Amino acid sequence: MEKKTVTFVAKMDEFLQSVVSQCNELGISQDFHIEGRRLDQLPYRPIAENSLVVLSTDRICDQVEPYLPLGSQAIIAKRMLPYHSLREMLEIPPGVKVLLVSDTAETASDTIRLLVESGMDFELHPYYPGAELPPDIDIAVTPGESEHVPPSIRKVVDIGFRVIDLSTWLEIYAHFDNANFHKVTARAMQSLIYITKELNNEIIHARLLQMYLEGIVNGIEDAVIALDEQEVIRFINQKAVDTLHLPGPRVQGEKAALCLPDDFMETVRDCGENEELLVDWAGRTYFFRKMHIVMEGRFLGSLLLFRKAAEIEKMEHDYRLRLYSKGLVAKYSFDDIHGRSLSFQKVVQIAKKMARSNSTILLLGETGTGKELLAQAIHNASPRKREPFVGVNFAAISESLLESELFGYEEGAFTGARKGGHIGWFELAHKGTIFLDEIGDASGAIQNRLLRVLQERQIMRVGGNKVIPVDIRVIAATNQDLQQMIKEGRFRADLYYRLNILPIHLPPLRKRGEDIPWLVEAFVRHYCLDLRRPPFTLSREALKAMQEYHWPGNIRELENVVEYLAHVVEDEVYAHHLPFLQTYNTELSLDTAMLQDQELAAYQEYEKRGFLPEMMAILQELSETGGGRYALQEQMREHGYELTTQQLRYRLKLLQQDELIFVGKGRQGSTISPKGEAFLAFYKHAMAKEGMK
Ligand SMILES: Nc1ncnc2c1ncn2[C@@H]1O[C@H](COP(=O)(O)OP(=O)(O)OP(=O)(O)O)[C@@H](O)[C@H]1O
């Protein structure tokens, strides 16, 4: 059978092209001979006789009429949106303002009508070249006219040309009595089924996602409520239902003001975006936070999160306890720092100011001047106070261990490396403060690595290949003259400049004699309380002697002296009681039976580490001669103890920490303390008893 002709007439080529592709898609070209004419072609490309003429719009009827061949009939095409455009349109949130961009006012309003008929419920504003652009719109929809979209639009959805509606195809088939229309509907249905399936999958996916999200939000510890822009409750988790004593999640969909407590709603309104408040409702304190939900630049509502303040405090407390158990806390604050001299007050004032900044601090001062105390106080006055404080003493740990302790190591980094690797001090200090004590004792290799950490704020574990960023505040301290060490090539100048950003010089005690009475008073109070004994006073000449003494061990030494006095004097201290004015005085020495728990612990610790005899030999040497480290090293060698400088320094440090010796600055050397004498006597006594058995 000869195919009948259908001629489509339109102003634009694009319409004719879209008809051709629709005919191919739906198999219409198999039933009809399809022709296309642009309006301006009609004078020289006549329409075939007996052809059915389909006009793209009724607006061109008058222009086409003169060219209609005798006996041919014209119909107006009804148009619809292409199915594939539906998906993209559904992604636009309902109620949003959308610009409908087309080439003319007519096509713009035609498309708007089509969209409204298809159930799209966003606010559509027509736009075409020359039209005024309404304000506050950043999404545009266009039927293949994206070149007319104004540049201020952020998102463009091109739905493509409107295609011929199925009812028009039915009219064409009916006109020629062609019974094949069912094939066309079948093909059209296929596309629809495909789209429906896709949408269905998306709905299933969205439901699953919602279930997951609800599971997550119900699982978290915070109470959560989501309100839309009309303050209707869109979501509420079980925790919120319980906290506010609500009848159940069925309040979802209700106006918040009608079902949530008044004082709660007051907080919701008072709280700004992303603000956090501490509020009291029904006699309990809560931590409340409000966040705005914004999509495609549009405010969709608010997310309210709240929790009992006591729970947060408990969490913080538990966290602090964990830090305590690992020894990662700073015990001291500025309240524990005594001293009223002008020079010292200045130091404290500067330190308090520096605490607020994040910059590196370098504490310089002789041994015992309070560098570590100050570092802890700075940490506790800084915004990092709730985070770890990690102290590293470069003199107390051997070079071989130091690198892996500082930076951690990966599993298998070396023989003996722990399974699962090991977290280093820099990582432990993340978010907190790392205190690099005795930095002058760091070896060249460690100085190199430290420099890199300070520059890059990231570390790499030993045997690892991953860089780990660390957010740390660095406080370094030394009693050595770093500038002199730089001159001698023992300290890197660039590391010094990285550390010396905010330097604080702690004055030695001999330069602030006016502090001595205050310090003595504070330590007397402390130790007498500790020993549960009445406080004692210092005679005028004892105080004078103290102010005249040169205090090589600074405040640590003064503290030790007061502790010693607290053990041995009754109610008044005279100059002859002062240990630094005596050579060893048996009458005043502690009875070995009086060995305190702390000393006993030290004794057992040395024994456990296997260097009790060495420690006693050091004490013996110091009790006989005293003196500098080099001489001591030599004397120890004579006694058969081969100690490296590092080892000797470490042992002296331990003895000093246990208050058995006083360590002087530089070449001043160390002296045994009265406690040390008692300790030594106790040891000798124990050895003698051992020998008699
Ligand atoms: N201003 C002070 N007020 C009260 N106690 C102080 C003060 N300064 C120091 N101390 C006490 O003196 C002792 C030594 O202080 P700290 O360990 O901080 O000194 P340091 O300068 O770090 O010594 P080193 O260089 O030997 O490590 C500590 O017991 C500390 O509590």
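Just so we're clear, the structure is a prediction, and the values are computed from it rather than from any experiment.

Conventions used here
Residues numbered from 1 in each chain as written. Predicted model: local features only at pLDDT ≥ 70, side-chain atom pairs only at ≥ 80, totals over all residues. Helix = DSSP H or I, 4+ residues; strand = E, 2+ residues; numbered from the N terminus. Buried ≥ 20, exposed ≤ 12 C-beta atoms within 10 Å, placed from the backbone. Contact = placed C-beta atoms within 7 Å. Pairing = 2+ DSSP bridges. Axes fitted to C-alpha atoms, helices over the stretch in contact; angles between N-to-C directions. Parallel < 35°, antiparallel > 145°, perpendicular 65-115°, else oblique. Nonpolar A, V, L, I, M, F, W, Y, C, P; charged D, E, K, R; others polar. Near = placed C-beta within 6 Å. Expected span 1.5 Å × (residues − 1). Arc of directions from axis to C-beta. Core = buried A, V, L, I, M, F, W, Y, C linked by C-beta atoms within 7 Å. pLDDT = per-residue confidence, 0-100. Left-handed = near helix turned anticlockwise from the far one by under 90°.

Asks: Please provide a residue-by-residue account of the overall build of the protein chain, values included.
Replies: Scanning the protein chain from terminus to terminus reveals 25 helices and 26 strands. The proportion of buried residues among the 693 residues of the protein chain is 29%. Put simply, of all contacts in the protein chain between residues at least 6 apart along the chain, 64% involve residues at least 24 apart.

Asks: I'd like a rundown of the sheet that holds strand β6 (residues 97-101), residues and numbers included.
Replies: Pairing is parallel in the open sheet, where four strands are placed in the order β7-β6-β8-β9. Edge positions in the open sheet fall to β7 (123-127) and β9 (155-158), since each of these has one partner strand only. Within the sheet, the average angular offset between the axes of one strand and its neighbour, ignoring direction, is 30°. Of the strands in this sheet, β6 and β7 touch helix α4 (residues 105-117), which is tilted by about 165° from β7.

Asks: How would you summarise the sheet that holds strand β22 (residues 502-505) if you had to cite specific residues and measurements?
Replies: Ordered by their spatial adjacency, five strands build an open sheet running β17-β18-β21-β16-β22, and the pairing between neighbours is parallel. What marks the edges here is a single partner per strand, and that holds for β17 (389-393) and β22. Each adjacent strand pair in this sheet contributes to an overall mean axis angle of 15°, direction not counted. As judged from the four bridges shared by strand β16 (residues 361-364) and strand β21 (residues 473-478), these two strands associate in the parallel manner.

Asks: Residue-level account of the packing of helix α23 (residues 629-638) against helix α24 (residues 645-657), with values.
Replies: One way to put it is that α23 packs onto α24 with a least axis distance of 11 Å and a crossing angle of 105°. Between α23 and α24, the angle falls in the class roughly perpendicular. Side by side, α23 and α24 meet where R629, L632 and Q633 of the first sit next to T645, L648 and R649 of the second. Counted by class, the contact of α23 with α24 contains two nonpolar, two polar and two charged residues.

Asks: A description of the pairing of strand β2 (residues 32-38) should follow, citing residues and the corresponding values.
Replies: Inspection of the sheet shows strand β1 (residues 4-10) paired to β2 by seven bridges, in the parallel sense. From the neighbouring strand, T5 faces β2, where its bridge partner is H33.

Asks: Give a detailed account of the site of the ligand, specifying residues and quantitative values.
Replies: Around the ligand sit 17 residues, and of these T367, G370, K371, E372 and I555 come closest. For the shell around the ligand, the secondary structure elements donating two or more residues are α12 (371-380) and α20 (554-568). Within the shell around the ligand, the residues separate by chemical class into four nonpolar, eight polar and five charged.

Asks: Mind laying out unusual backbone geometry, listing which residues take part and the relevant values?
Replies: Of note in the backbone geometry, D136 takes a positive phi value of approximately 60° without being a glycine. Mapped onto the elements, D136 comes out in the loop between β7 and β8 (139-142). Classification of D136 as exposed rests on a count of 7 C-beta atoms within 10 Å. Positive phi, close to 50°, is recorded for R457, a residue that is not glycine. Residue position: R457 is located in the loop between α15 (444-456) and β19 (458-460). On the neighbour-count criterion, R457 (13 C-beta atoms within 10 Å) is partly exposed.

Asks: Tell me what's going on with helix α11 (residues 342-356), and back it up with residues and numbers.
Replies: For an α-helix the count is 3.6 residues per turn, leaving residues at separations of three or four pointing the same way. Spanning 15 residues, α11 covers 22 Å between terminal C-alpha atoms, matching the ideal 21 Å at 1.5 Å per step. Taken residue by residue, α11 has F344, V347, A351, M354 and A355 as its buried positions. For α11, the angular spread of the buried residues around the axis is 105°, confining them to a single face. Exposed side chains of α11 directed beyond 90 degrees from the buried face belong to L342, Q349, K353 and R356. Of the surrounding secondary structure, the elements contacted by the buried residues of α11 are β16, α12 and β22.

Asks: Go over the nonpolar core with me, naming the residues and quoting the values.
Replies: In terms of nonpolar packing, the biggest core is built from 45 residues, with L363, I378, I434 and I475 touching the most fellow members. Leave out the neighbours within four places in its chain, and I475 touches I361, L363, A375, I378, T433 and F435. Formed by 22 residues, the second largest nonpolar core is a distinct cluster that contains V6, V54, I164 and I172.

Asks: Can you break down α15 residue by residue, with the values?
Replies: The end-to-end C-alpha separation of α15 is 19 Å, in line with the 18 Å expected for 13 residues at 1.5 Å each. Downstream of α15 by a residue or two, R457 has a phi angle that is positive, lying close to 50°.

Asks: Could you give an account of the pairing of strand β13 (residues 276-281), with specific residues and numbers?
Replies: Taking burial as the measure, the six residues of β13 include zero buried ones, a minor fraction of the element. Here β13 runs beside strand β14 (residues 284-295); their pairing, made up of six bridges, is antiparallel. Paired with L277 across the strands is F288, a residue of β14. Once β13 ends, the chain turns through two residues before running back antiparallel as β14, passing A282 with a positive phi of about 45°.

Asks: Residue-level account of the confidence of the model for the protein chain, with values.
Replies: Looking at the protein chain, pLDDT values average 84 and 93% of them are 70 or higher. Within the model, pLDDT remains below 50 along residues 583-593, and this stretch shows 16 contacts once partners closer than five positions in the same chain are excluded. Taken together, the chains of this predicted complex give a pTM of 0.50 and an interface ipTM of 0.97.

Asks: Outline the environment of T196, listing residues and values.
Replies: Checked against the element boundaries, T196 lands in helix α6 (residues 181-219). For the pair T196 and R87, spaced 109 residues apart in sequence, the C-alpha separation works out to 9.6 Å.

Asks: Residue-level account of the packing of helix α18 (residues 516-530) against α20, with values.
Replies: Packing of α18 against α20 brings their axes to within 9 Å, and their N-to-C directions diverge by 45°. With respect to α20, the axis of α18 lies oblique. Read as a crossing pair, α18 and α20 show a hand that is right-handed. Of the residues in α20, those in contact with L519, V520, F523, V524, Y527 and C528 of α18 are I555, L558, E559, V562, E563 and A566. Tallied by class, the residues present in the contact of α18 with α20 amount to ten nonpolar, no polar and two charged.

Asks: So, the environment of R510: which residues are in play, and what are the values?
Replies: Mapping R510 onto the fold places it in the loop between β22 and α18. Separated by 45 residues in sequence, R510 and I555 place their C-alpha atoms 9.8 Å apart. The residues touching R510, leaving out its near neighbours within four places in the chain, are H550 and W551.

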